[in-house]
Structure formats: structure tokens, C-alpha cells
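Structural overview for review
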Amino acid sequence: MKRILVTGGTVFVSKYIAKYFEAKKYEVYVLNRGTKKQIENVNLICADRNDLKDCLLKYSFDAIIDVCAYNQNDIRNILTAVREFKDYIFISSSAVYPETNEQPFSENQKTGFNSIWGKYGTDKLEAEEYLLSKVPNAYVLRPPYLYGPMQNVYREPFVFECALKKRKFYIPNDGKMKLQFFHVEDLCKVIEKILKTHPGEHILNVGNTELVDINTFVELCYKVVGTPLEKVYVTNHDNQRDYFSFYNYEYALDISRQNALLPEQKDLFKGLKESYDWFKDNPNEVIKKDYIKFIKENFE
């Protein structure tokens, strides 16, 4: 039985990862502050990663799956506190690529400031660089938009909510902006493949091979809910984030390295159905924004 440490373990990606590997009969430890409900059959290490003291010194891990590191200091704190580990997998972000890069973004391209993501992206990049300087054999995964059960970000849940309320859906411009997704279960499968095969490439973009435009994404969400869709195209408002859950930013990742490990990804409709089934039973776990209020006050 392999022993793994998952940072977090109570919200979306980290929670799903912990549950996935527990179901695979790994010995799963989660590191969090103990302020939220824990999933069953995992071992809680109750601590703040910024104040670990000696709470990790008695453990050795086959792998650390670091979902909740957002900057260099977050990585440093873990590496300083842990006694022994074999593998370290850091969930970074595709926000490390400048939007001026040629697309699709590949792992060999330059990284740096992205004007859409700002400090979030540069902090993730500094975390990557620090980790690889200290643990050259660590793995870094760079996903696009993650989705699936336990999603607490108001992305697809926003569209589901509009569908449940039988609302018209307000789409930016012509709705042809492309989005790249990756199901959280597929992320787990890539992590599992890495732990089993230790590929030679240590930085991997991850994501679906197929991109979809906004029109298709919204259509699939409404189809999942079972509500007829009436679209309204918004062409006279500059900031689509006032009423829509994605930035006005289209990009694509080259996922050739990932596809050597996971050549097929979950069908988007099926994945959205799984996300919806969870959301309808857990609506209060989603961090909602005032998109519908804005729409009512400005477009209706």
C-alpha cells in the first residue's frame, strides 16, 4: 500500500484526489486546518501549511500531491517540514504561459507574466521553479479549466443554475470563443500514471484534446439539466465577467506529453452530467457570484 499526502483534501480538486486514491486503496493523508468536514477513511494531519512545526517529521510518504500551493513559500514550507518522500507532484496552472505565446502553448515555450491571470500565474511559476530547483525529479502539471463533481467555483454551476431556473442564457459576443476543460477524474488518472511509470518529462500540460466554444458548452449544460435553451447574445458590454463565468480569453494547450499517458479523456457531456449530479445535491458548497443579479439589472 502506497502512502500519499494530499495538501488540502476538503475542497474540489484536493478533495476529489484524496477520495480517488482512497478508493484505489492508497493510504491517504490529508493536510489541512481541520475547519471543514473531512472525507471518510483518510488520515488528517491538522495543521496550517504556513505553520507546520514538526507535524510532518514522523511521516514518510511515497508521494506528495500538492494541490494547494500557490507560491514559492507554500512549497518551501512543505519541503522544510517533511521527513522523507519519493515523488512530488505539484498541480500548477496554465496561467504560467504569457498570452502572447504562439498557441497551442507547449511546455517548451517561455513562461512568464500573463495579463489575464496576473499575480496568480507568476506566483505559480515561482512555485514551480523553486520546487524543481530543490526536487529535480518532481512533476508539474499545468491544467486549463478543471471541472467535475465537487466543483466549488461558479463556472459550470452558474450555467446549471440558470438552466434550473429556466432562464435565458446571456452569451458573450457570438459565443465562438473556445474553452479547454479537463475533468478532475482524468487529472487523477494522469497522477496515477505518473506514480506508476515515472515518465521522463517532468512538466506536463493536461487537458482535453477537443476544445469547445461557449455555445457548445452552454448547450451541453442545459441538455444535462434537461431545460430548453434560449440564447441572448451580448455585444455591447465590454467586461463579460460581469455576467459570465469565464474571462474573455481563448487559449489552447498542447497536450502531447499527457496523451502518451492518457490518450482518451472523459466525454464532456458525461463529465458535465457528473458535475451537475453533484451540484444539485450540494448547491451551498459553490462560491456563487452576482452574475444573475447583474443580468437582471442591466439586460432584462
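Quantities reported herein were computed from a predicted structural model and do not represent experimental measurements.

Rules and cut-offs
- Numbering of residues begins from 1 in every chain and follows the order in which that chain's sequence is written.
- Totals for whole chains, interfaces and linings use all residues, but because this is a predicted model, local features are given only for residues with pLDDT of at least 70 and pairs of side-chain atoms are given and counted only at 80 or more.
- The basis for every side-chain value is the complete set of non-hydrogen atoms in the structure, without hydrogens or water.
- Of the two site types, the cavity is a set of points on a 1 Å grid over the protein atoms alone where a 1.4 Å probe fits but cannot get out, and the pocket is an open set with protein on both sides within 12 Å along at least five of seven lines, each lined by residues with an atom within 4 Å of a point.
- Grid points are joined across faces, edges and corners, and a volume is the space filled by probe spheres set on the points.
- Runs of H or I in DSSP of at least four residues are treated as helices and runs of E of at least two as strands, each being numbered from the N terminus.
- Residue polarity follows a fixed list, in which Ala, Val, Leu, Ile, Met, Phe, Trp, Tyr, Cys and Pro are nonpolar, Asp, Glu, Lys and Arg are charged, and the others, Gly among them, are polar.
- Among the buried residues, those of types Ala, Val, Leu, Ile, Met, Phe, Trp, Tyr and Cys that are joined through side-chain atoms within 4.5 Å form a nonpolar core.
- A simple rule labels every residue: compare its accessible area, found with a 1.4 Å probe on the protein chains alone, to the largest value its type can have, and call it buried under 20%, exposed over 50%, or partly exposed in between.
- For this analysis, residues touch if any pair of their heavy atoms sits within 4.5 Å.
- Fitting a line to C-alpha atoms yields each axis, with helices limited to the stretch in contact; the angle taken between N-to-C directions then spans 0 to 180 degrees.
- Each angle is binned into one of four classes, with values under 35 degrees roughly parallel, values over 145 roughly antiparallel, values of 65 to 115 roughly perpendicular, and all other values oblique.
- Crossing handedness follows the turn of the near helix against the far one: under a right angle anticlockwise gives a left-handed crossing, and clockwise gives a right-handed one.
- Two strands pair under a simple rule: DSSP has to find at least two bridges between them.

**Looking at the layout of surface pockets**
Considering only enclosed or pocket space, the largest pocket measures out at about 1300 Å³ in volume. Along the wall of the largest pocket there are 46 residues; nearest its centre are Val11, Val67, Cys68, Tyr70 and Asn152. Secondary-structure elements contributing two or more residues to the lining of the largest pocket are helix H1 (12-23), strand S2 (27-32), helix H3 (119-134) and strand S7 (145-147). No other element matches H1, which puts 3 residues into the lining of the largest pocket. Here the residues of the lining of the largest pocket sort into 23 nonpolar, 14 polar and 9 charged. Roughly 270 Å³ of volume is contained in the second largest pocket. Considering the residues around the second largest pocket, the lining is formed by Lys15, Lys19, Glu22, Lys37, Gln38, Ile39, Glu40, Asn41, Met150, Trp278, Asn282 and Glu285. For the lining of the second largest pocket, the leading source of residues is H1, giving 3 residues.

**As for the nonpolar core**
Core analysis: the largest hydrophobic core is formed by 72 residues, its most contacted members being Ile17, Phe21, Leu141, Leu187, Ile191 and Phe217. The element contributing the most residues to this core is helix H6 (residues 214-225), with 8 residues. When residues no more than four places from it in sequence are discounted, the contact partners of isoleucine 17 are Val6, Ile65, Val67, Leu187, Cys188 and Ile191. In this structure, Leu52, Leu56, Tyr130 and Val135 belong to the second largest nonpolar core, which totals 25 residues.

**As for the packing of helix H2 (residues 72-81) against H3**
At a closest axis distance of 7 Å, the pairing of H2 and H3 adopts a crossing angle of 30°. Between H2 and H3, the crossing angle belongs to the class labelled roughly parallel. Touching Gln72, Ile75, Arg76 and Leu79 of H2 are Asp123, Glu126, Ala127, Tyr130, Leu131 and Lys134, all from H3. Here the residues of the contact of H2 with H3 sort into 5 nonpolar, 1 polar and 4 charged.

**Brief notes about the packing of H1 against helix H5 (residues 184-197)**
Look at H1 against H5: their axes get within 10 Å of each other, and the N-to-C directions meet at 55°. Put simply, H1 runs oblique to H5. Crossing handedness for the pair H1 and H5: right-handed. Listed contacts from H5 to Phe12, Val13, Tyr16, Ile17, Tyr20 and Phe21 of H1 are Val184, Glu185, Leu187, Cys188, Lys189, Ile191, Glu192 and Leu195. Looking at the contact of H1 with H5, its residues break down into 11 nonpolar, no polar and 3 charged.

**Here's the deal with the sheet that holds strand S6 (residues 139-142)**
Spatially, 7 strands are ordered S3-S2-S1-S4-S5-S6-S11 in an open sheet, and the strand pairing comes out parallel. Pairing within the sheet leaves two strands with one partner each, and these edge strands are strand S3 (43-46) and strand S11 (203-205). Ignoring strand direction, the axes of neighbouring strands in this sheet form an average angle of 20°. Pairing of S6 with S11, which is carried by 3 bridges, proceeds in the parallel orientation. Paired with arginine 142 across the bridge in S11 is asparagine 205. Contacts from H1 reach strand S1 (3-7), S2 and strand S4 (60-66) within the one sheet, and its direction differs from that of S1 by about 165°. Each of S1, S2, S4 and strand S5 (84-91) touches H2; the most contacted strand, S5, lies at about 165° to it.

The quantities given are spatial measurements derived from coordinates; they are silent on function.
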